[in-house]
Amino acid sequence: MHCNKLDRDWSESDRLAALDRYGILDTPPEPAFDEIVQLVSELLAAPIVAVNLIAEGRQWFKTEIGLGVREMPLDASICAVAILQPGGLVVPDTTQDSRFNCNPLVTGAPGLRFYAGELLETADGYPLGTLCVLDTKPRPEGLTTQQHLVLKTLAHQVMAQLELRRAVGEQEKTIAQYRRIEAELHAERDRSHQLLENEKQHAKVLGNVATAARTINAVLSRKSIAQVVVEESRQLLGVHQAVISLTDDQDWSQAITAVSLSEKYAKYRSYSEEPDGSGIYAEVCRTNQPMRLTQQDLEHHPAWKGFGRHAPSHPPMRGWLAVPLVGHGGKNLGLIQTSDKYEGEFDEQDEAILTQLAAIAAVGIENARLYDSLREQDRRKDEFLATLAHELRNPLAPIRTGLEVLSFVDDAGRATQIRAMMERQLTHLVRLVDDLMDVARVSQGKVELKRERVSLRSIVEAALESSRPLIEAAQHRLSVLPIDASLFVHGDLTRLAQSLGNIVNNAVKYSPRGSAIELSVLREQKDVLIRVKDTGIGITREMLPKIFDLFTQVGHSIDRAQGGLGIGLSLVAKLVEIHGGRVIAESEGLGKGSTFIIRLPLLQDTRSPTASLDNGRRKFESTVKGKRIMVIDDNVDAAQALSILLEHAGHHVTTVHDGLDALQAAKDIMPELIFMDIGLPRMSGYDVAAALRKNPALNGILLIATTGWGSEEDRRLSKEAGFNHHLIKPVDIGSVFKLLEQFFTHSPAP
Ligand code: ADP
């Protein structure tokens, strides 16, 4: 087969694509086409006429006359050659044409001899096939001009029909597409409508939750919050039953429970069985995760527990939604449970709402707890202040009386006796204040331990040294079991002795006169236990865990002369704790005595004790005499008292009572040593000190702050202002003489 491919300016695949766009292949016969071939057949007196489309691998006839088939293979196709000829093809005698004389339709049936094909060409130049005329007789003259015109016109007609169908097809496609878009728009509108409805519903729920939140926040006791939460849960979710349980660290015996039941369950309102922590609800608290189950799911759950003997009195359930109450740091505070929805089963939204409500409730509950503890602390503080006033007055009263007595008594023996009494009371007063300061300092982590290798024996000795007078006064029998000399701890002797002394003093105070007290020190693996056992009034089980709290005192019936401020044990616990140890209290109950145990980590080496302890015995005598000293204090009595002491020790003392005068006096007197209060009129002690330090004439002067303020910050400030030392009032005379001694014997005389 010959074909001149160079003639065409299209590719076969583009041509096939163009044919495809008409969607005509394999469509049923149609009268419009049938009529055209009929007309051609008659006008051209041809036995065979066809509308032939050259498709992929075959020729397909939309309509034909005289062929009797609708498709044929391409190798028998004359039209396939014709479409490559611009303007169509006329073959007067196939037997004379080398392109077709071997064609099976020529050589065999039906014995074709004549062919005329007019192109079916698209507007953009693709030949789709032909309107062809065939004859079994040759027509040497070909087609007449008229016949050619007929064929050409009708071929256009075929193309017009094809175009029409294509246009209609495309229109239908557009319409279908339009319909689809319309349907999608409808669906979209329905969806938006639904979304809007959901939004409205959501907003309503949020509004209700917000109202519930306000209601919850308006109440301050946990019990009231619990009741509000169950009522609100029932309203918000539309359920017949809601229960809340508030627990402290999942201690179900202490749980607060509130229930809300609808009219349907009115007869169960008296049901009061408390949860015991063994049901499926405990799982919600344990995992801190919500649980949503149908009644069937619930009953099949392995953790579900029937109500046993309570079953007849418990309201029947229908489905279950439970959410945990989660507090600060993920701590479980209990849970909310709901059952029997008015309509349908619990869904995701119910769970979300209840979770939201639980979050609000959890905040409310924690606030209520905080409020309770603040109130409790406030109450304790008030009680403490009352006790403090009382305790401070206790020693002050005999001191004042003593002073009055001293003013008229002549008898030296009597006076000594009264002074001893006054000193005892003063020591007591100072200890009270020291304890208070200590608690504050330990609480703020400001106590610095002077740690060293300390033997247990020395701790016990030092503690008993201060407690012995009390023990003797109360006529108690103290037995100290032998202490292993090889036991040492790494600690601050003063602080440990103070702690043990406190416990021994309590044993003394809280035991009736003449009781037995036993002190023992035992090793237990890597620890040492110092045990103080008394046979006194004992402690109730409820109070045992509380006695280490600040300002806690058991009962108010105890004779106040015995009681302290309720700070001793708190201080002991903290001091022992910063030594890495622990204090434990045990008692069988009231009247059964108490045992206090200090547990400390043992120091592992067993070197024999080296330094003997210096118990800081006070030194009232001084070899330093004749110094020029200024005492500056706006409290005239305090200034006077100190100056009398210093004069008594042989010094020349000047007292001044305000800051500006002090500055002037210092220039006149040129003192070697100044004791100065910080809070002074007209010019503060800090400013006076700073000014003195700037005066070169006073170079080398010893500046000692005497003040009531003893915090780290106060010490830093006084040092910054130029003070050499910082003494806390009431000033310990021993320390004053010690300082004088140190300064004037170790440094060159000014
Ligand atoms: P206080 O200054 O009141 O003694 P503490 O902190 O030392 O304060 O003790 C707290 C409370 O613990 C005391 O008020 C007392 O009720 C109780 N307590 C302490 N030690 C004993 C003891 N050995 N026997 C009985 N009760 C004690």
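Just above, that's the structure.
Below is a summary of the structure that appears in this document.

With that settled, the discussion passes to the overall build of the protein. In terms of helices and strands, the protein carries 18 helices and 23 strands. The globule rule puts the C-alpha radius of gyration for 750 residues at 27 Å, and the 56 Å found for the protein is more than 25% above it. Each principal axis of the C-alpha atoms in the protein carries an extent, and together these give about 175 × 85 × 55 Å. Looking at the 750 residues of the protein, the share that counts as buried comes to 44%. Contacts in the protein between residues far apart in sequence, at least 24 positions, make up 66% of those at least 6 positions apart. Only carbon and sulfur atoms are counted for the fraction: they give 53% of the accessible area of the protein, which is about 40400 Å².

Now for the sheet that holds strand 8 (residues 251-261). Strand order in the open sheet made by the five strands is 8-7-11-10-9, with antiparallel pairing throughout. Edge strands, defined here as strands with exactly one partner in the open sheet, are strand 8 and strand 9 (291-293). Between one strand axis and the next, the sheet turns by 15 degrees as a mean value, whatever way the strands run. In the sheet, strand 10 (residues 320-326) pairs with strand 11 (residues 332-341) via seven bridges, with the strands oriented antiparallel. Across the sheet, Pro 324 pairs through a bridge with Leu 335, a residue of strand 11. In this fold helix 6 (residues 222-237) packs onto strand 7 (239-248), strand 8, strand 10 and strand 11, with an angle of close to 150 degrees to the strand it touches most, strand 7. Contacts from helix 9 (residues 348-408) reach strand 7, strand 9, strand 10 and strand 11 within the one sheet, and its direction differs from that of strand 10 by about 35 degrees.

The subject of this paragraph is the packing of aromatic side chains. Counting across every chain of the model gives four aromatic pairs. Both rings, one in Tyr 265 and one in Tyr 268, keep their centres 6.1 Å apart while their planes meet at 55 degrees; by these two values the pair is tilted. You'll find Tyr 265 and Tyr 268 in the same group, each marked buried. Where Phe 548 meets Phe 596, the ring centres are 6.4 Å apart and the plane angle is 75 degrees; that geometry is what we call edge-to-face. Placement of Phe 548 in the loop between strand 16 (527-534) and helix 13 (568-578) and of Phe 596 in strand 18 (residues 594-601) is noted, with a sequence separation of 48 residues between them. Owing to a relative accessible area of 8%, Phe 596 belongs among the buried residues under this scheme.

The rules behind the values
- Residues numbered from 1 in each chain as written.
- Predicted model: local features only at pLDDT ≥ 70, side-chain atom pairs only at ≥ 80, totals over all residues.
- Heavy atoms only, no water.
- Helix = DSSP H or I, 4+ residues; strand = E, 2+ residues; numbered from the N terminus.
- Rg over C-alpha atoms; globule rule 2.2 N^0.38 Å.
- Buried < 20%, exposed > 50% of the residue type's maximum accessible area, 1.4 Å probe, protein only.
- Contact = heavy atoms within 4.5 Å.
- Areas by Shrake-Rupley, 256 points an atom, 1.4 Å probe, with all protein chains shown as cover.
- Pairing = 2+ DSSP bridges.
- Axes fitted to C-alpha atoms, helices over the stretch in contact; angles between N-to-C directions.
- Phe/Tyr/Trp six-rings, centres within 6.5 Å; stacked < 30°, edge-to-face > 60°.

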